[in-house]
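# Structural overview for review
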Amino acid sequence: TPAGNGKKGTRAISPIPGSMDISSNDDSVLSFKGPPGTLFLDDNTSFKGFSFGADKPMAGEVVFNTGMVGYPEALTDPSYRGQILVLTFPLVGNYGVPDDTIIDKHGLPEYFESNEVHISGLIVSSYCFEHSHWTATRSLSNWLKKAGVPALYGIDTRCLTKKIRETGALLGKIELSPTSSIPFDDPNKRNLVAEVSTKEIKVYGEGQSPKILAYDCGMKYNIIRYFINDHKVQLTVVPFDYDLESNPSNIEWDGLFLSNGPGDPTMCSKTMKSIKYALNLANPKPIFGICLGNQLLALSAGAKTYKMKYGNRGMNQPCIDLRTARCYITPQNHGFAVDTDTLPSNFKPFFLNANDLTNEGVIHTHKPFFSVQFHPEASGGPMDTAFLFDKFIATVRGEAENLTLLDPMQYDKNVYKKVLLIGSGGLSIGQAGEFDYSGSQCIKALKEEGIETVLINPNIATVQTSPSATGADRVYFLPIRAPQVLDVIKKEKPDGIIVSMGGQTALNVGIELFNSGVLKEHNVKVLGTQIPVIEATEDREIFAEKLKEIDETIALSYSAMNVDEAVQAANKIGYPVLVRAAFALGGLGSGFAADDKELVALAQKAFVTSDQILIDQDLRGWKEVEYEVVRDCRDNCITVCNMENFDPLGIHTGDSIVVAPSQTLSNAEYFMLRRTAIKVVRHLGIVGECNIQYALNPNSMQYCIIEVNARLSRSSALASKATGYPLAYVATKLSLGKDLVSIRNSVTKNTTACFEPSLDYCVLKMPRWDLKKFNRVGKVLGSSMLSVGEVMAIGRTFEEVIQKACRMVNQSLPGLEGEGSNLVDEDIPLEEQMKIGKATDTRLFAVQTAFDRGYTVDKVYNLTKIDKWFLSKLKNIADMKKAAQSLNDLSALTSKPSSIRAMKVNGFSDRQIATYVGSDEISVRQARIALDIKPCVKQIDTLAAEFPAQTNYLYVTYSGSENDVDGAPAVDNRDLKTKGAMVLGCGAYCIGSSVEFDWCAVSAVRQLRKDGYKAIVVNYNPETVSTDYDESDRLYFEELSLERVLDIYQMEGAGGVIVSVGGQIPNNLSTPLATNGVNIMGTAARDIDRAEDREVFSGMLDKLNIDQPKWSVLSTMNEAMDFAKKVGFPVLVRPSFVLSGAAMRVCINETQLENFLGQAAAVAGDKPVVVTKFILNAKEIEFDGVAADGLIQNYAIGEHLENAGVHSGDATVILPAQKLYVKTIRHVKKYAALIAKNLNISGPFNIQFMAKGNEVQVIECNLRASRTFPFVSKTLNANFISLATQIMCGMKVKPYRISLLDIDYVCVKAPMFSFTRLRGADPKLGVEMSSTGEVACFGVNAHDAFLKSLLSTGFKLPSKTMNILLSIANEDFRKEFLEAAKILQKLGYNLYGTPGTAQFYESRGLKIVSVEKPSDEDDDQRAGALKMIKDGEIDMTINIPEGTDRKDEITAGYILRRASVDFGSSLVTNIKCAVMLSEALELDAAEKKHVLNHIA
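Notes on the structure in this doc start here. For clarity, every value in this text was computed on a predicted model and none was experimentally measured. (Residues numbered from 1 in each chain as written. Predicted model: local features only at pLDDT ≥ 70, side-chain atom pairs only at ≥ 80, totals over all residues. Heavy atoms only, no water.)

## Some points on the overall build of the chain
Put simply, the test is: A run of H or I in DSSP counts as a helix once it spans at least four residues, and a run of E counts as a strand once it spans at least two, with each numbered from the N terminus. With the radius of gyration taken over C-alpha atoms, the globule rule is written as 2.2 Å times the number of residues to the power 0.38. Here the term buried applies to any residue with accessible area under 20% of the maximum for its type, exposed to any over 50%, and partly exposed to those in between, with areas from a 1.4 Å probe on protein chains only. Whether two residues touch is decided by their heavy atoms; if any such pair falls within 4.5 Å, the residues are in contact. In this tally, Lys and Arg are treated as positive and Asp and Glu as negative; His is ignored, and so are the chain termini. Charge positions come from single atoms, namely NZ of Lys, CZ of Arg, CG of Asp or CD of Glu.
Scanning the chain for helices and strands turns up 47 helices and 61 strands. Relative to its length of 1496 residues, the chain is compact, with a C-alpha radius of gyration of 34 Å against a globular reference of 35 Å. The principal-axis extent of the C-alpha atoms belonging to the chain is close to 115 × 70 × 60 Å. Across the 1496 residues of the chain, 66% fall into the buried class. Here the analysis covers contacts within the chain between residues at least 6 apart in sequence; of these, 73% occur between residues at least 24 apart. The averaged location of the 176 negative side-chain charges in the chain is 3 Å from the averaged location of its 158 positive side-chain charges.

Here's what the structure looks like:
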């Protein structure tokens, strides 16, 4: 396509296609702002964009900088003189530009590196027209215009960076109109140093000592500040051509400094003449050079320099000190380098670039001359090598140089043959799937080193507990408790243990084992960060003292060991205060207290989870910032990722929207916090990975440290996925004694792991909540984490990533919507929903609604304290939505292609656009493609395209002009194996869809690759193993939406899509994908639909004579009542809309049915309900199977311990089934075979049955993997998903040989609940799922396995007071529990009962004390049940709420259940489980032993 100047052969490769008319600028919000402009390169290519700088043409050398902050510093750096600078980080202008009239005490501008902008032009991907920062007085655009510097945005800077990387630095020119054409200009042919050097001699710090003479070759002001402020020298700055030998100004000097500067060093002949004079002095004086000064010193000594291909420019170049082999992160800006081979014999290399092995410094063998190629005093950038200034000044002062030697301890390495890894157990709020990813990475690293690996983890749903070539050698499915871990240690005899990869659970057990002395007794060493260090970070007072030692501070904080101490501490600090439990994960047991009463209530609950609580200063409203830090045994220390919370402090970071890298921090703030992080981590002595959290005052440089997590955390998994840097893998290698330099970057393969990733994209994490599933639970977000999962979106504009994230979190959302989202509570004033301290899980949508209603950014900021930069982006989305809606026609939108492209760049989906213009998704898609508006595929390569990387880690964006990877060939004759299969992952973890589906996806991917198929994964959950780029051939960290899956499918030319291993989200896509020509592998989409459609499936069952519970779809209250009376109560009611957060309920009489349906405005034709006959006392059965062409190949029949009425996800499942009639099993197998045949199933499926006597009924059928697939696969040692994957690929398979007669063990799967976090939620089981995870253990019998599984969930056996409270409302259940009650009494337990329960058992000869039921939550009557629980006098509460509709029973039962959870009394709410527990305790007491089980 001919470009703007009409040169033949020039092609446009910008985000704006060459065919698009951008000659006229429309100020509409749907257009790109600014006039069009073009960057022309001297290789005859061009990039089109839009201007935000000066309206003038400019030529120069095109170079790139990979720094993510510091544009005011970079643009005023004289070293960039004559260059057109490309910033690889896509979002630029965020924090504006400070006031250049603010002068420091030395007469230098406070915030800049010189008095002018030195670049010739600026190129960015996305310019932020709205800025936000307390130092900013103007925008970047206004500054550039005033400086006369042109700038373009809307350019694919990654594409441009790759071009420079491959061809070398290019000459370029920016032109804004054909009439402003100018010639190319090579600045390297000019003496750039002469242009930027001072023209007069200046003295700073007059009277100070020693006296340093500095040659200004383009010296940055920060060098001057550093010399005179930090080192108290008198600095005389002279022009580059000052003749030192003749010294016409008679300058006295003790040392010579050679500054940075631009251009070719060989042009500075006059400077070199003076340097040679200094080198040859009889009494040599110290010389120190940086950047250009390094080249000048080397040239003066007789060496040569050369022009590099594209130079080193950025803030993250790793350089090795050749004296110690330590590696430092350095900022650089140079295009020339010293040729090491030409150094004279008396000069040696001083530093070496760890990536490209170029020279980074020279040093004289015996005279005080040395120089480095980087900026030790950096601005912008890190100051890790500032010690070189110390060395120079010390030498000048004549001080004896400190001896620099290698640390001898690095040779004292332990050799480990066997390592025990402690996992995290079942998933819960605050400790979820991220530890499956971390643990899997850890195991992979250990196995690479040839170390025998033993894992203890009862979470059977995880990938890490799977037997595989890269997995652990042995897996123990046992409770993660000190006694069980000790049993494993005694049996396995490991020489090392890792406790940092299993969350707080593993950490607490590790601390207990260490402090008890058993690790030392058994010669087991803790790998990585040592336990005393961990304790120092967990104990607030020790932590505060440690920080004081290095002049750092935490927020005002006191620890308390009892409630009285807590009240005293709070009054010292002043209310409001934050109350937190020490040694707790995810803010468990925390909250804000406004007075003594609130404090006492919080403290009592917090002491349940910890022996120590913390009272902290309330810093709500400050910014919250995190850094992930890695340190090795050689003291190499790097920060891998920094993150900024969208929400101000006051909301737990797990419940916050988090952005990486930070978007509103200036260079000074970013590196101040980085410097502190490294200082703290070094002082504490952490080895491996850790996370440090800060509170940052939004109006100053004031900050304080919130905490340090000396282990892998939720943020670690997010940072790993956000950057491509595998933190857990690297941390494991470091714990074995390796250093960062020797470990390779796993993405580039040929650069070191001792580097700090540069991102050329933006990442956003959004939490996923399921609070709507719980009645009574409070929805206000605070210091205790409530989210059950999270998503991560990647893109090149903030609008793009936040809109992507909204679609990922909620599949029903087309993007970020306010009005129309149906997520904002209309009963609560909108401003109330936005206020800081009142934020709920829907606050983001309330904010967006405010912008839809015309609120200003300032008004929303005053309510929320969310940074104005973020708010301006949300307002931009609202403005674009309003503009699109005003068109109300697709053709009006597509008539101006730049408008639809602008919307796509800002993250609007086709479905979203369709709703605005009255069209449909597919029509918008077709119109967009017809305009050649298609997304690009970009790589995550850790280094912003600076180095080549054959990475398979990908994302999709519209802010690009070319794909980073090859797509399908134009003529595609490839076979299925080569085309590959797309595996759609599970999306965000939520209640009902968790880590078990990630296990399924990973199992499918591994089988595909094993069989030679290309495996393409699409998923967006950062906690998962499936989103580890090592697991697949191509990983797309992308939406699971119709639009995006079609984009990837068509770009890849994939052979098919597997939708059956990721849960319901991909399953729901089967029909829309098939309709659009996608090959659904396995069971056909039409058959999936037949199973999903209740009426169609029910009709099929009737034809097959398979029984099912009676049901009907009803549209009026009367219809529902009539049907319920006809079939008889109880009935299960399932609305098609959400009632008070509960989707389903069992109604046992007319009153309950009326009340439940009456909560809705109406039951109407458009709001029908499904009413199903509920069968009492029926047993539920799980049937998991794999079929091929309708024939079942393998199956497993699991038995629920609880009767039907408990959601299958909350049920305790026993395998092999222990109490099913033979006739029942035959019915189940027969019905399953008929269903599989009639649905023509090819792949995994699950059927849920209900049995009463020998009558078997079908509840539902899912033609996909179920949550029990990992459980049955590992129990039967037969991977059902591997078999299903081969079937879906059309392979002939051989079923597993499974003989239940040969299985001499039982496995029991138990649910894991998070009621301790869900304040107010009723902790009872029902038809709506409420568990957040699961565990499973093996035993010699069902009781043995059940007890181990129960302990694995964190359940505490009643052993402290031996007191058990019984409260059973239903007469039948009381009778059922009678024998169990006798067992408990026989075992020595003291029984207490509420009046009715106590009277029942007392009349049957049991000794039981009657205690009063509470009438309300404050009913703390003496000797009452509630007071006993609150006072810790009840070890276990057995409360069975089923079977009663008496209001007082419901109220009292809820209070007792909630109090049991809040005050640490173990709780059992199901009669079957209560009986099983009693029997298990009896058997355990008799045997007094546990059998260790493992999967080999």
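## With respect to the sheet that holds strand β53 (residues 1255-1262)
Selection criterion: We treat two strands as partners when DSSP finds at least two bridges between them. Inter-axis angles, ranging from 0 to 180 degrees, are taken between N-to-C directions of lines fitted to C-alpha atoms, where helices are fitted over the stretch in contact.
With antiparallel pairing, the 7 strands of this open sheet are ordered in space as β53-β52-β49-β50-β51-β54-β55. Both edges of this open sheet fall to β53 and β55 (1333-1339), since each of them pairs with a single strand only. Across the sheet, the mean angle separating the axes of adjacent strands is 25° when strand polarity is ignored. In this sheet, strand β54 (residues 1306-1312) lies alongside strand β51 (residues 1213-1215) in antiparallel orientation, the contact comprising 3 bridges. When the bridges of β54 are listed, Leu1215 appears paired with Cys1307.

## Some points on the pairing of strand β19 (residues 327-339)
Across the 13 residues of β19, 12 count as buried, placing the element largely inside the fold. As judged from the 11 bridges shared by strand β18 (residues 304-321) and β19, these two strands associate in the antiparallel manner. Its bridge partner lying in β19, Lys307 is registered against Phe336. In this antiparallel pair of consecutive strands, β18 and β19, the connection spans 5 residues, and Ala325 shows a positive phi of 70°.

## Some thoughts on helix α5 (residues 221-230)
Counting buried positions along α5 gives 8 out of 10 residues, so the element sits mostly inside the fold. Among the residues of α5, those classed as buried are Tyr221, Asn222, Ile223, Ile224, Arg225, Tyr226, Phe227 and Ile228. Of the surrounding secondary structure, the elements contacted by the buried residues of α5 are β13 (202-204), β14 (211-216), β15 (234-239), β16 (255-258), β17 (287-290) and α8 (387-396). Of the residues flanking the end of α5, it is Lys232, one or two places downstream, whose phi is positive at about 55°.

## Some points on the packing of aromatic side chains
To keep it simple, the criterion reads: Any pair of Phe, Tyr and Trp rings, taking the six-membered ring for Trp, is counted once the centres come within 6.5 Å. Such a pair is stacked with planes under 30 degrees apart, edge-to-face with planes over 60 apart, and tilted for the rest. Over a ring means this: the NZ of a Lys or the CZ of an Arg is within 6 Å of the ring centre and within 35 degrees of the ring normal.
One pass over the structure, following the stated rule, counts 44 aromatic pairs. Judged by centre distance (6.0 Å) and plane angle (85°), the rings of Phe1269 and Phe1280 are edge-to-face. On the criterion of sequence distance, the pair formed by Phe1269 in helix α39 (residues 1269-1275) and Phe1280 in helix α40 (residues 1280-1288) is long-range, its members being 11 residues apart. When sorted by exposure, Phe1269 lands in the same class as Phe1280, which is buried. Every member of this aromatic cluster is reached through a ring pair, and the members are Tyr226, Phe227, Phe257, Phe288, Phe350, Phe351, Phe370, Phe374, Phe389 and Phe392. Its end group placed over the ring of Phe336, Lys307 keeps NZ or CZ at 5.6 Å from the ring centre.

## Overview of the pairing of β54
Of all 7 residues in β54, 7 are buried; the element is thus mostly enclosed. Both β54 and β55 contribute to a ladder of 7 bridges, which runs antiparallel. Looking at the pairing, Cys1307 lines up with Phe1338 of β55.

## Side note on the nonpolar core
Convention followed: Remark: nonpolar core denotes a set of buried residues (Ala, Val, Leu, Ile, Met, Phe, Trp, Tyr, Cys) joined through side-chain atoms within 4.5 Å.
Ranked by internal contacts, the top residues of the largest apolar core, which has 313 residues, are Leu39, Leu75, Leu122, Leu140 and Leu1073. Beyond its immediate sequence surroundings of up to four residues, Leu140 is in contact with Phe52, Tyr71, Leu75, Val92, Gly93, Val97, Leu122 and Tyr127. Counting 38 residues, the second largest nonpolar core, distinct from the first, contains Leu1347, Ile1364, Ala1381 and Val1468.

## Topic: the pattern of salt bridges
Note the threshold: Counted as salt bridges are all cases of a side-chain nitrogen of Lys or Arg within 4 Å of a carboxyl oxygen of Asp or Glu.
The final tally for this structure, using the stated rule, is 85 salt bridges. Between Glu545 and Lys548 there is a salt bridge whose closest N-O contact spans 3.6 Å. Taken together, the positions of Glu545 and Lys548, both in helix α14 (residues 540-548) and 3 residues apart, correspond to about one turn of that helix. Within the structure, one salt-bridge network assembled from shared partners comprises Asp156, Arg158, Lys162, Asp760, Lys938, Asp941, Glu962 and Asp964.

## Quick notes on unusual backbone geometry
In this structure, the amide linkage connecting Tyr575 to the following residue, Pro576, adopts the cis form with an omega of -5°. Its location among the elements puts Pro576 in the loop between α15 (563-573) and β29 (577-581). A cis amide bond links Leu1215 with the next residue in sequence, Pro1216, at an omega value of -5°. You can see Pro1216 is positioned in the loop between β51 and α38 (1222-1238). One non-glycine residue, Lys865, adopts positive backbone phi at about 60°. Along the chain, Lys865 turns up in the loop between α23 (857-864) and α24 (868-887). For Met1362, which is not glycine, the phi torsion reads 65° and is therefore positive. Mapped onto the fold, Met1362 is located in the loop between α41 (1342-1352) and β56 (1363-1368).

## Some remarks on helix α18 (residues 714-723)
Applied cut-off: Whenever a nitrogen or oxygen atom comes within 3.5 Å of another N or O atom, the pair is scored as a polar contact, on the condition that within protein one atom can donate a hydrogen and the other can accept it, and that pairs from neighbouring residues in sequence are kept only if both atoms are in side chains.
Of all 10 residues in α18, 10 are buried, a share of seventy percent or more. Taken residue by residue, α18 has Arg714, Ser715, Ser716, Ala717, Leu718, Ala719, Ser720, Lys721, Ala722 and Thr723 as its buried positions. Near the N-terminus of α18, the side chain that reaches the backbone nitrogen of Ser715, with its oxygen 3.3 Å away, is that of Ser713. Looking one or two places after α18, you find Gly724, whose phi comes out positive at around 85°.

## What about the packing of helix α13 (residues 531-538) against α14?
The following threshold applies: Roughly parallel refers to an angle under 35 degrees, roughly antiparallel to one over 145, roughly perpendicular to one between 65 and 115, and oblique to any angle outside these ranges. For this classification, the nonpolar set comprises Ala, Val, Leu, Ile, Met, Phe, Trp, Tyr, Cys and Pro, the charged set comprises Asp, Glu, Lys and Arg, and every other residue, Gly included, is treated as polar.
Axis separation between α13 and α14 bottoms out at 5 Å; the angle between their running directions is 95°. By the angle between their axes, α13 is roughly perpendicular relative to α14. Contacts between α13 and α14 involve Ala536, Thr537 and Glu538 from the first element and Arg540, Ile542, Phe543 and Lys546 from the second. Considering only residue class, the contact of α13 with α14 consists of 3 nonpolar, 1 polar and 3 charged.

## Focus: the environment of Cys1473
With respect to the helices and strands, Cys1473 occurs in helix α47 (residues 1471-1487). For Cys1473, a relative accessible area of 11% corresponds to the buried category. Once the C-alpha coordinates of Cys1473 and Phe1355 are considered, the two residues, 118 residues apart in sequence, prove to be 13 Å apart.

## Focus on a negative patch on the surface
Put simply, the rule is: Patch membership requires over 30% relative accessible area and the absence of a salt bridge. Like charges are linked within 9 Å, and nonpolar side chains (Val, Leu, Ile, Met, Phe, Trp, Tyr) within 5 Å. Here, Shrake-Rupley sampling with a 1.4 Å probe gives the accessible areas, and only protein chains in the shown set may cover a residue.
Together, Asp1089, Glu1092, Asp1093 and Glu1095 make up a negatively charged patch on the protein surface. Within the secondary structure, Glu1095 sits in helix α35 (residues 1094-1103). Given a relative accessible area of 53%, Glu1095 falls into the exposed group.

## Details of the sheet that holds strand β42 (residues 1015-1019)
In space, the 6 strands of this open sheet follow the order β39-β40-β43-β42-β41-β44, with mixed pairing throughout. Since the sheet does not close on itself, it has two edges, and those belong to β39 (936-939) and β44 (1056-1058), each with one partner. Taken over all neighbouring pairs, the strand axes of this sheet differ in orientation by 30° on average, direction set aside. Relative to β42, strand β41 (residues 981-984) runs parallel, the two being bridged by 4 bridges. Bridged to Ala981 within β42 is Ala1015.

## As for the environment of Leu1035
Position of Leu1035 relative to the elements: it lies in strand β43 (residues 1034-1037). Among the residues examined, Leu1035 registers a relative accessible area of 0% and is labelled buried. Sequence spacing of Leu1035 and Tyr1020 is 15 residues, and the spatial spacing of their C-alpha atoms is 9.9 Å. Sequence-distant contacts of Leu1035, defined by excluding residues within four places in its chain, comprise Asn952, Tyr953, Leu954, Val1017, Ser1026, Thr1027, Asp1028 and Tyr1029.

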